[in-house]
Amino acid sequence: MAPEEPDSVAARRNGPVDPSRRRLLAGLLTAYTASLIPWALAQPAPHADRGAFTALSAILVGRQALDAAQATRLYDALAAAHPNFPADVQALLTLLNERHIDPQQLQGVLDGEHSPLAPLPRQILGAWTLGVVGSGEGARCVAYETALNAVIVADVLKPPTYAYGAYGSWASKPL
Amino acid sequence: MSGQLSADIVVIGSGIIGSLAARRLAQQGASVLILEAGPRLERARVVAAFRNSPIKGNWMAPYPPSPWAPHPIYVPQDNGYLKQAGPYPYPAEYIRAVGGTTWHWAAQAWRLVPNDVRIKSLYGVGVDWPLSYEELDPWYQEAEEILGVAGADNTGSPRQHPFPMEPVAEPWSMRRFRERLAPAYPVVANTVARNSRGYDGRPACVGNNSCQPICPVNAQYLGINAVEAAEAAGAKVVPNAVVFRIEHDAKGRIAAVHYYAPDKSEHRVTGATFILAANGIESPKLLLLSASDKYPNGLANSSGMVGRHLMDHPSTSLTFYADEELWLGRGPQSPSSINTLRDGAFRSQHAPYRLDFTNISQVLNVTGDLIKEGVYGAEFEKQLRWRAARQVNVKNVLEVLPNPDNRITLSAEKDAMGIPKPEAHYAIDDYTRRAAEVSKADFARIAELMGGTGLRYSAEGQFANNQHITGTMSMGNDPASSVVDAFGRTHDHENLFVCSTGVMPTAATMNSTLTGVALALRTAEHILPAKNAHAATAHSSHEASLA
Ligand SMILES: Cc1cc2nc3c(=O)[nH]c(=O)nc-3n(C[C@H](O)[C@H](O)[C@H](O)COP(=O)(O)OP(=O)(O)OC[C@H]3O[C@@H](n4cnc5c(N)ncnc54)[C@H](O)[C@@H]3O)c2cc1C
Ligand code: SF4
């Protein structure tokens, strides 16, 4: 598959040429979901599917910022691994928009309702935090040093295989 | 059949043990040929393969088996290479490649404690070794100087000469264990083949915390270092040479070995002396495979003991959260342990053990747990940091007694080359299980002293395996009950020696590689004495010369 130019990158480089591309992430959210990720509202969302993924990702991982290039890579990998991915993402975002589900309750609600969307949050969280998409023999590593579980602890630890520091630097108090 | 190779010494297997025997013999002027089933690996590629692997907890991911020399794989699925006859699974792990399994070891390089070699006399269990700790001491020293072992004198294993290096700098997490568990439990630095300073052209450790998939910087000694040293001494390595038969002559001396190249072409290699060093599972497999009319039960097997007395070190463990931030993952993976339970009168009742603390970064496991628990939103980041800072683990390393029913046999199933796969028959007896039960009190006390919460004991009756394959070609003075003599020579074949952790008659509580190396150096000296052999070897009888 030829790599498609990511919309977010195109949008950043080309500027708002086409007015229909000026849609912002905020447009995909309700007041409730917008309140979960206030920092993300002004991010461009020129493509509804990818915009919904960014919004949902932001809600699930609870970060103050998400790397746009990483989002593109993960979206492409997830969409390739799961055929219904774009529609499922839209559906889950709609669910959150409409039912105001607390992210902390989300998995319980989906499991309780035997929702076909139940595996989705874990797939997205796993992609962002482990850098891994798919499972078993089909699993693929999309990110390692830039996976969020490395980024979140980067002030204290290096991802394994990266040198911590000079000999003995680990003897001191971590923080 | 094509290609005739020949050497004074033919070594089967290029792991750390075979290669160091080869190196020593080549240094004495012998021509040495090492036949290695697997391919050559490149460190940088192994590092890249690990970083690109989707299952970071799977340390075997960067070591895919080659079709002609398979090894066991369990993740994401069992590749069915090591067949399991039960009753308890024995999921041994090893690597068939130039340099062998220590590509991904933890480099714990322990000596036994003196009483380990006399447990029958002292405690009425297991068997005594055909040699004393004092006889082993100079060979341990030689091994430690080759590997570059860092350690201190407080682990219960006496020594005549100092360690080559100071212990590796203690990670903060281990310091806190040491401070908080004293005086109830003395926490000491593990003795490790890991550099606390530049040593023999290799750098000091820089704390990549990936010692077990791969040390990217060559700060811990690996089998590949031994291979390179053997080559520098003049030994020749033939990679991708899968030995499938050892051939004897009418008198029972070994005449040649036969190997398959990956295209299944057959090659015959002759020699004066043969060293079997294909590890504790593949070596007995090869002896059994080499059965002939004269030796219908396999070579070196007049006792029927080849493959029997399989031992390892099972572990149970406790994971918990300490009440302070320790942040495992800074520095090497296995820095410290408690060594006071390695010996004692209790050995007549239950297994001794070592208590080992991991310093493996908890980030990966914690991430997996949080995903499993469905923790989303801001709570994810908060929990990840909290748990990764506090989660710790202590495990026991339990002795297993030699039992002839625990064994490696030939499976009816064959690999892609048509060679029978190994089959494991294994059980964990009450002697070991009782110790696991006893050690729970230690786990609980350790957690208490560390202000532990969220205590998670490993599942009842479940043991993790430590990959220290021992016993399958045990040494002893009695040819009726052992496979090799105290020098590693097979009782049945004058010119066939075994160098392996598999010659250890008991497993003790220590990772077994250093003992395997020490015994192999002693075997090499026995085959061909070094010009400046240390005094301790002066009494031993030597092979007069190479045929
Ligand atoms: C994850 C892990 C961590 C470990 N950590 C430690 C530790 O901290 N301390 C410790 O003491 N031990 C540790 N061990 C155990 C250690 O790796 C072994 O004890 C050690 O590798 C044994 O050395 P060896 O040379 O006998 O066998 P190996 O290293 O297994 O080498 C045997 C060689 O023989 C070759 N071979 C096999 N069959 C054939 C054939 N038919 N023809 C030709 N060649 C053949 C193989 O390809 C291999 O290269 C660990 C093991 C694992 C898996
Ligand atoms: S901590 Fe790093 S440098 Fe040190 S031995 Fe382990 S992998 Fe090598």
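The rules we used
Residues numbered from 1 in each chain as written. Chains lettered and ligands numbered in written order. Predicted model: local features only at pLDDT ≥ 70, side-chain atom pairs only at ≥ 80, totals over all residues. Heavy atoms only, no water. Helix = DSSP H or I, 4+ residues; strand = E, 2+ residues; numbered from the N terminus. Buried < 20%, exposed > 50% of the residue type's maximum accessible area, 1.4 Å probe, protein only. Contact = heavy atoms within 4.5 Å. Areas by Shrake-Rupley, 256 points an atom, 1.4 Å probe, with all protein chains shown as cover. Rg over C-alpha atoms; globule rule 2.2 N^0.38 Å. Lys, Arg positive; Asp, Glu negative; His and termini not counted. Charge placed at Lys NZ, Arg CZ, Asp CG, Glu CD. Salt bridge = Lys/Arg side-chain N within 4 Å of Asp/Glu carboxyl O. pLDDT = per-residue confidence, 0-100. Near = heavy atom within 4 Å. Polar contact = N/O pair within 3.5 Å; in protein donor to acceptor, adjacent residues only side chain to side chain. Nonpolar A, V, L, I, M, F, W, Y, C, P; charged D, E, K, R; others polar. Expected span 1.5 Å × (residues − 1). Pairing = 2+ DSSP bridges. Axes fitted to C-alpha atoms, helices over the stretch in contact; angles between N-to-C directions. Parallel < 35°, antiparallel > 145°, perpendicular 65-115°, else oblique. Buried area = accessible area lost by both parts, 1.4 Å probe. Phe/Tyr/Trp six-rings, centres within 6.5 Å; stacked < 30°, edge-to-face > 60°. Lys NZ or Arg CZ within 6 Å of the ring centre and 35° of its normal.

Take the overall build of chain A next. Secondary structure assignment for chain A yields 8 helices and 2 strands. For chain A, the α and β elements follow one another from N to C terminus as α-α-α-α-α-α-α-β-β-α. When the 175 residues of chain A are sorted by exposure, 47% land in the buried category. Long-range contacts, defined as pairs at least 24 residues apart, comprise 52% of the intrachain contacts of chain A with a sequence gap of at least 6. Here chain A has roughly 8200 Å² of accessible surface; of this, 56% comes from carbon and sulfur atoms.

Helix and strand content of chain B: 11 helices and 18 strands. Scaling as 2.2 N^0.38, a compact globule of 547 residues should have a C-alpha radius of gyration of about 24 Å, and chain B matches this with 23 Å. Expressed as a percentage of the 547 residues in chain B, the buried residues total 64%. Across chain B, every contact between residues at least 6 apart in sequence was considered, and the portion connecting residues at least 24 apart equals 72%. Total accessible area computed for chain B in this model is approximately 18400 Å², and 51% of it derives from carbon and sulfur atoms. Averaging the coordinates of the 50 positive side-chain charges in chain B and doing the same for the 53 negative ones gives two points 3 Å apart.

Here the focus is the pattern of salt bridges. Residue and element names in this part refer to chain B. Scanning the entire structure with this criterion turns up 35 salt bridges over all chains. The salt bridge involving Arg347 is made with Asp116; its shortest N-O contact spans 2.8 Å. Taken as a pair, Arg347 in the loop between strand 11 (336–338) and strand 12 (353–357) and Asp116 in the loop between strand 3 (83–87) and helix 3 (119–123) lie far apart in primary sequence, 231 residues in all. Pair check on accessibility: Arg347 and Asp116 agree, each one buried. Taken together, the salt bridges that share partners define one network made up of Arg175, Arg176, Glu179, Arg180, Asp323 and Glu324.

Residues and elements named next belong to chain B. Residues at a pLDDT of 70 or more form 97% of chain B, whose mean pLDDT is 96. Here residues 535–547 is modelled with pLDDT under 50, and outside its nearest four sequence neighbours on either side it reaches 22 contacts, counting other chains as well. For this predicted complex, the interface score ipTM comes out at 0.91, alongside a pTM of 0.94.

The subject of this paragraph is the site of ligand 1. Residue and element names in this part refer to chain B. Neighbouring residues of ligand 1: 35 residues in total, closest Glu36, Ala97, Thr101, Gln108 and Thr513. Between an oxygen atom of ligand 1 and a side-chain N or O atom of Glu36, the distance comes to 2.6 Å. One of the side-chain N or O atoms of Thr101 is found 2.6 Å from an oxygen atom in ligand 1. For ligand 1, the protein covers 96% of the area, taking 990 Å² as the surface of the free molecule. Where the shell around ligand 1 is concerned, the elements lending two or more residues are helix 1 (16–27), strand 6 (242–248) and helix 7 (279–289).

Let's shift gears to the site of ligand 2. In the neighbourhood of ligand 2, 14 residues make up the surrounding shell, with B:Arg194, B:Cys205, B:Asn208, B:Cys211 and B:Cys215 lying closest. Its residues placed into classes, the shell around ligand 2 shows 8 nonpolar, 5 polar and 1 charged.

To continue, consider helix 10 (residues 430–449) of chain B. Residues and elements named next belong to chain B. Its 20 residues place the ends of helix 10 29 Å apart at the C-alpha level, agreeing with the 28 Å of an ideal helix rising 1.5 Å per residue. Restricting attention to buried positions, one finds in helix 10 the residues Tyr431, Thr432, Ala435, Ala436, Ser439, Asp442, Phe443, Ile446 and Ala447. The residue sitting at the N-terminus of helix 10 and contributing the capping side-chain oxygen is Asp429; that oxygen lies 3.2 Å from the backbone nitrogen of Tyr431. One or two positions beyond helix 10, positive phi appears at Gly451, with a value near 65°.

Turning our eyes to something else, we now look at the sheet that holds strand 14 (residues 407–414) of chain B. Each strand in a sheet pairs with another by means of backbone hydrogen bonds, the pair being arranged parallel or else antiparallel. Residues and elements named next belong to chain B. Read from one edge of the open sheet, 3 strands run 3-15-14, paired in mixed fashion. Either end of the sheet is taken by a strand with one partner, and the two such strands are strand 3 and strand 14. Strand after strand, the sheet turns through a mean of 30° between neighbouring axes, direction not considered. Looking at chain direction, strand 14 and strand 15 (residues 420–426) are connected through 5 bridges and run antiparallel. Paired with Ile408 across the bridge in strand 15 is Ala424.

On to the environment of B:Val98. All names here are of chain B. Residue position: Val98 is located in the loop between strand 3 and helix 3. According to the relative accessible area criterion, Val98 is buried, its value standing at 0%. If we ignore the near neighbours within four places in the chain, the residues touching Val98 are Ser14, Glu36, Gly38, Pro39, Arg40, Trp103, Ile224, Val227 and Pro239.

Moving on, we come to the packing of helix 5 (residues 85–99) of chain A against helix 7 (residues 120–130) of chain A. Residue and element names in this part refer to chain A. Running from N to C, helix 5 and helix 7 cross one another at 105°; their axes reach a closest spacing of 11 Å. Judged on the interaxial angle alone, helix 7 and helix 5 are roughly perpendicular. Mapping the contact onto sequence places Phe85, Asp88, Val89 and Leu92 in helix 5 and Leu120, Pro121 and Ile124 in helix 7. Of the residues contributing to the contact of helix 5 with helix 7, the split by class is 6 nonpolar, no polar and 1 charged.

A separate point is the interface of chain A and chain B. Taken together, the contact pairs 45 residues of chain A with 50 residues of chain B. The junction of chain A with chain B conceals about 3900 Å² of combined surface from both sides, 63% of it contributed by carbon and sulfur atoms. For the chain A face of the interface with chain B, the top three residues by lost area are A:Thr161, A:Tyr167 and A:Trp170, together amounting to 20%. For the pair chain A and chain B, the interface holds 2 salt bridges.

Taken as a whole, this structure holds 13 aromatic pairs over all chains when the rule is applied. For the pair A:Tyr144 and B:Phe50, a centre-to-centre distance of 6.3 Å together with 85° between the ring planes defines the contact as edge-to-face. With A:Tyr144 in the loop between strand 2 (140–141) and helix 8 (148–151) and B:Phe50 in helix 2 (residues 43–52), this residue pair bridges two chains. For the pair A:Tyr144 and B:Phe50, one class covers both residues: buried. A network of ring pairs unites the aromatic residues A:Phe53, A:Tyr75, A:Phe85 and A:Trp128 as a single cluster. Positioned over the ring face of B:Phe163 is B:Arg159, at 3.7 Å from the centre of the ring.

Here the focus is unusual backbone geometry. The residue after B:Val75, namely B:Pro76, is reached through a cis peptide bond having omega 0°. Residue position: B:Pro76 is located in the loop between helix 2 and strand 3. Note that the residue after B:Ala182, namely B:Pro183, is joined by a cis bond; omega there is 0°. Looking at the element boundaries, B:Pro183 is found in the loop between helix 5 (172–181) and strand 4 (187–189). For A:His100, which is not glycine, the phi dihedral falls at a positive 55°. A:His100 sits in the partly exposed class, given a relative accessible area of 46%. Of note, B:Asn279 is a non-glycine position whose phi angle comes to about 85°, a positive value. Inspection of the secondary structure puts B:Asn279 in helix 7.

Moving on to the side chain of B:Gln141. All names here are of chain B. Here Gln141 is to be found in helix 4 (residues 133–147). Classification of Gln141 by relative accessible area gives buried; the value is 6%. Side chain to side chain, Gln141 and Arg159 meet in a polar contact 3.0 Å long. The residues touching Gln141, leaving out its near neighbours within four places in the chain, are Arg111, Arg159, His161 and Pro162.

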